Amino acid sequence: MSSPSLQRAASLFVLSLVASTLGQSTTASAPGQPFRADAPVGQFDIVGDSIASAQQIFLGTPSRVYVIDKTENNPTQIKGHPAWAAEYDIIANKGRPMDIVTNSFCAGGNVLGNGTWINVGGNQGVTYGGITSKTQNGGGPYDDPDGGQSVRLLDPCDDGNCDWRLVAPTTTRRWYPTLETLEDGSVIVIGGCEWGGFVNSAQQNNPTYEFFPLPKDNPDPIQSPMLSNTLPANLFPLTWLLPSGKVIMQANWGTAMLDYKNRKEYKLPDMIHAVRTYPASAGTAMLPLTPANNWTATIMFCGGSNLQDDQWKPNWNIPAYAASKSCVSITPDVSTNYVEEDDLPEGRSMGNMILLPNGKILMLNGAATGVAGYGNESMAIGQSYADNPVLMPVVYDPSAPKGQKWNRDGLSASKIPRMYHSSAVLLPDGSVFVSGSNPNADYNTNVKFATEYRVERFYPSYFNKRRPQPEGLLTQYAYGGPYFNVTLSKDDLFGNSDNLNNTEVVIVRPGFSTHAMNMGQRMIQLENSYTGNSDGTAVLHVSQLPPNPAIFAPGPALIFVVVDGVPSIGIQVMIGSGQLGPQPTLAIAALPASATATTGNSHSTAGDAGDAGSRSQASSALRTLSVGFDSLAQVVLLPFLAAWSMVSLAIL
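We now turn to the structure provided with this report. (Residues numbered from 1 in each chain as written. Predicted model: local features only at pLDDT ≥ 70, side-chain atom pairs only at ≥ 80, totals over all residues. Heavy atoms only, no water.)

### Comments concerning the sheet that holds strand β30 (residues 422–426)
And step 1. Reading across from one edge, β1-β32-β31-β30 is the order of the four strands in this open sheet, with antiparallel pairing throughout. Strand pairing shows two members of the sheet lacking a second neighbour, β1 (44–49) and β30, which therefore form its edges. Geometrically, the sheet is characterised by an average inter-axis angle of 25° between neighbouring strands, direction not taken into account.
And step 2. Bridge count for β30 against strand β31 (residues 432–436) is five bridges, and the pairing is antiparallel. Bridging across to β31, L426 finds its partner in V432. (Pairing = 2+ DSSP bridges. Helix = DSSP H or I, 4+ residues; strand = E, 2+ residues; numbered from the N terminus. Axes fitted to C-alpha atoms, helices over the stretch in contact; angles between N-to-C directions.)

### Thoughts on the environment of P357
And step 1. Position of P357 relative to the elements: it lies in the loop between β24 (352–355) and β25 (361–364).
And step 2. For P357 and V506, which are 149 residues apart along the polypeptide, the C-alpha to C-alpha distance reads 6.9 Å.
And step 3. For P357, the contacting residues outside a window of four places in its chain are L426, Y462, V506, M523, F560, V562 and P567. (Contact = heavy atoms within 4.5 Å.)

### Quick notes on the layout of surface pockets
And step 1. Each pocket or cavity is described by its volume, and for the largest pocket that value is around 790 Å³.
And step 2. N358, G359, K360, D397 and P398 are, among the 36 residues lining the largest pocket, the residues nearest its centre.
And step 3. Of all the secondary structure elements, the ones that give two or more residues to the lining of the largest pocket are β28 (394–396), β36 (503–509) and β39 (522–526).
And step 4. Taken together, the residues of the lining of the largest pocket sort by class into 16 nonpolar, 13 polar and seven charged.
And step 5. Taken as a whole, the second largest pocket spans an internal volume of roughly 460 Å³. (1 Å grid on protein atoms, 1.4 Å probe; cavity = no way out; pocket = protein on both sides within 12 Å on 5 of 7 lines; lining within 4 Å. Points joined across faces, edges and corners; volume = space filled by probe spheres on them. Nonpolar A, V, L, I, M, F, W, Y, C, P; charged D, E, K, R; others polar.)

### A closer look at the state of the cysteines
And step 1. Applying the stated criterion across every chain yields a total of two disulfides.
And step 2. Each disulfide pairs two cysteine sulfurs, and for C157 the partner residue is C162, the sulfurs being separated by 2.2 Å. A torsion of -75° about the S-S bond marks the disulfide between C157 and C162 as left-handed. Each member of the pair C157 and C162 is classed as buried.
And step 3. With a sulfur-sulfur separation of 2.2 Å, C302 is cross-linked through a disulfide to C327. Taking the sign of the S-S torsion, about 125° here, the bridge from C302 to C327 comes out right-handed. With C302 in strand β21 (residues 299–302) and C327 in strand β22 (residues 327–331), the pair connects residues that are 25 residues apart, well separated along the chain.
And step 4. Cysteine pairing for the protein (bonded cysteines numbered in sequence order): 1-2, 3-4.
And step 5. There is no disulfide at C106, and the cysteine sulfur nearest it, in C193, is 8.8 Å away. (Disulfide = S-S within 2.5 Å. Buried < 20%, exposed > 50% of the residue type's maximum accessible area, 1.4 Å probe, protein only.)

### As for the pairing of strand β9 (residues 117–120)
And step 1. Of the two faces of β9, both are covered, the one formed by W117 and N119 as well as the one formed by I118 and V120.
And step 2. In this structure, the hairpin formed by strand β8 (residues 108–111) and β9 is closed by a connection of five residues, where G115 is found at a positive phi of approximately 95°.
And step 3. Pairing geometry for β9 and strand β10 (residues 151–154), over four bridges, is antiparallel. Bridging across to β10, V120 finds its partner in V151.

### Describing the environment of I91
And step 1. Locating I91 in the fold gives a position in the loop between β6 (85–89) and β7 (94–98).
And step 2. Taking the C-alpha atoms as reference, I91 lies 8.1 Å from F35; in sequence the two are 56 residues apart.

### Comments concerning the pairing of strand β26 (residues 367–374)
And step 1. Most of β26 is tucked away, with six of its eight residues classed as buried.
And step 2. In this sheet, strand β27 (residues 384–389) lies alongside β26 in antiparallel orientation, the contact comprising four bridges. Bridge pairing links G370 to A386 in β27.

### Quick word on the side chain of S437
And step 1. By secondary structure assignment, the location of S437 is in the loop between β31 and β32 (454–458).
And step 2. Given the relative accessible area of 2%, S437 is considered buried.
And step 3. At 3.5 Å, the side chain of S437 and the backbone oxygen of P417 are in polar contact.
And step 4. Other than its neighbours up to four places away in sequence, S437 contacts S53, P417, R418, M419, Y420, H421, S422, A450, T451 and E452. (Polar contact = N/O pair within 3.5 Å; in protein donor to acceptor, adjacent residues only side chain to side chain.)

### With respect to the side chain of R509
And step 1. Along the chain, the position of R509 falls in strand β36.
And step 2. At a separation of 2.9 Å, a polar atom in the side chain of R509 contacts the main-chain carbonyl oxygen of P556.
And step 3. With residues near it in sequence (within four places) discarded, R509 still touches V111, G520, Q521, R522, F552, A553, P554, G555, P556, A557 and I575.

### Details of empty space enclosed by the protein
And step 1. The tally for this structure, following the rule as stated, stands at six cavities of 30 Å³ or more.
And step 2. What the largest cavity holds in volume is close to 120 Å³.
And step 3. As for the largest cavity, its lining consists of 14 residues, of which T239, W240, M517, N518 and M519 are closest to the centre.
And step 4. For the lining of the largest cavity, the elements supplying multiple residues, two or more each, are β12 (178–181), β16 (238–241), β20 (283–286) and β38 (517–519).
And step 5. Of the residues that constitute the lining of the largest cavity, the class distribution is seven nonpolar, six polar and one charged.
And step 6. A volume near 90 Å³ is recorded for the second largest cavity.
And step 7. Around the second largest cavity, the lining residues are L59, G60, W117, R509, P510, G511, P556, A557, L558 and Q572.
And step 8. When contributions to the lining of the second largest cavity are tallied by element, the ones reaching two or more residues are β2 (56–61) and β42 (555–563).
And step 9. For the lining of the second largest cavity, the element with the most residues is β42, which contributes three residues.
And step 10. Residue composition of the lining of the second largest cavity, grouped by class: six nonpolar, three polar and one charged.

### Here's the deal with the packing of aromatic side chains
And step 1. According to the stated counting rule, one finds 26 aromatic pairs in the structure shown.
And step 2. Summarising the aromatic geometry, the rings of Y128 and Y142 are spaced 5.4 Å apart at their centres and angled 80° between planes, so their arrangement reads as edge-to-face. Of this pair, Y128 sits in the loop between β9 and β10 while Y142 sits in the loop between β9 and β10, and the two are 14 residues apart along the sequence.
And step 3. For Y128, a relative accessible area of 52% translates into the label exposed.
And step 4. A relative accessible area of 1% places Y142 in the buried class.
And step 5. Relative to Y453, the ring of Y443 has its centre 6.1 Å away and its plane inclined at 35°; by these criteria the two rings are tilted. Of the two residues, Y443 is situated in the loop between β31 and β32 and Y453 in the loop between β31 and β32; the sequence distance between them amounts to 10 residues.
And step 6. By relative accessible area, Y443 is classed as partly exposed at 32%.
And step 7. Here the aromatic residues F105, W175, Y176, F236, Y278, Y374 and Y420 are joined through ring pairs into a cluster of three or more. (Phe/Tyr/Trp six-rings, centres within 6.5 Å; stacked < 30°, edge-to-face > 60°.)

### Re the environment of G32
And step 1. Along the chain, G32 falls in the loop between α1 (3–22) and β1.
And step 2. Along the chain, G32 and S568 lie 536 residues apart, while their C-alpha atoms are 7.8 Å from each other.
And step 3. Ignoring any residue separated from it by four or fewer positions in sequence, one finds G32 in contact with R467, Q469 and I569.

Right, here's the structure in full:
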């Protein structure tokens, strides 16, 4: 055997060793078709009752949405007190009450890298009308202990046997904190206040951040200069982990870059045109991360209110004040300047921006005047600090020409005002779950904007179309490593092989929805090439995620194959090792060049047959890579061996 052949064999052996040592990521069953083919496309459909008003929601399993409310007198009871949390079955459109134990009013949330959901902070225990309870250890009509330092965890389930559990509390009280998942699967918990109110104040500000799990070597909270200097509208600071590994934070008019690893913060240029944080509550989203933009993060802020610091007082007619229609973006790893984008069709506060698997962004919910919050002042609409609900959704297309990015073609209005404490989240079938709205101190049905339990689904334009049913998607994805192959039928390509040029594999994390934010929401397109066959079928050759967990943090997400703008049903998958801690990274395997069959013969520019065969063997050895490591030696050595093998194969 020649020396190159020996080297090739050794490389393939090492790759096989890595695959067998790390375990096998199974291949997912091919997704099917939506539960209905006659959905009212472009419209909202009322489908059920959320049990608790949906102040906070997230998709926990492919069939379960979890709902979190504040403590209030909801009619449904659990353990002898009102339920302020629930699990909603999106297939049966039925809910079950859950016991979240402490008052989760305006808590923050996100998902850990191991798939456990975390909910942090909240308010004091209350009684009727939202009045602070005399006891903060439970008891009373609502039996709700103080939630200000609560850390609640949930491992979602489909069998109805999971519930929230309390673990060690945060270091300080946090009402309205933001949570962002980091590249090791832990979360950073940022900001908030101690006792609540319409806006923050110096007397109760918590201008710090901490981590979960708490680091053993230095568990104390770290001061944030920006959060100290952005009162009063700095609750729920808008936060994203960037591919650089730094975190951008935006609150009130201020912006900062946080190097959390070195505990340093750098001031950036101020926000322009409007306040975007609560209570102004602009819609926000990170645009899809794609090979075309080199997975560079651009963040959009749309709507909000241009109130100045001295106007955040409920002593004037706030509900009549027009919301902003401005949209701006920032690409902080490239430039720290804000850029003006196409305006919204109308001003909107409290609008949710939902990433759709076709790369577009749906904006829905909110109000044209006023801001988030409630109170008993005479200027309030009932108790709401907002009025004039915006019932019409609108879609943003990042690829459309400037001046034409927002459109409402084929869309219809909802019949339900979704005001303060409403939420929305993407579902696996590509529809959007919409619920909540409760600008009231307690359960209230006798006001203009009543406590709302009705659940809607919004059906985007693609919903009733025949969906791709790709075969070969994995259940777990690595940061780098070998590509994998996905098979598409002729029907999946709608009978047109040219659609291979418009086929994408995308991963979406729908996020934790609350207060016009979806904490952790993110979308990444995987790089792919293809081989088109003469019978109209095709194989996609798909890379794993880029070898940088800061681009897309570890944890559960949905994977879709999108053909000509039509997504498959999303499959819930695990990104990364499924464990907390540093995530292994591997060298990216080169993809074969795209090729299509012509007049019965395959045309390819992927290289000679030996190279293609070696890549195929390497892919077979590692295509189902799983990264569940048991020791430091595996974390350090095996990725190195895999990378060495891939480089060797590329050279050979």
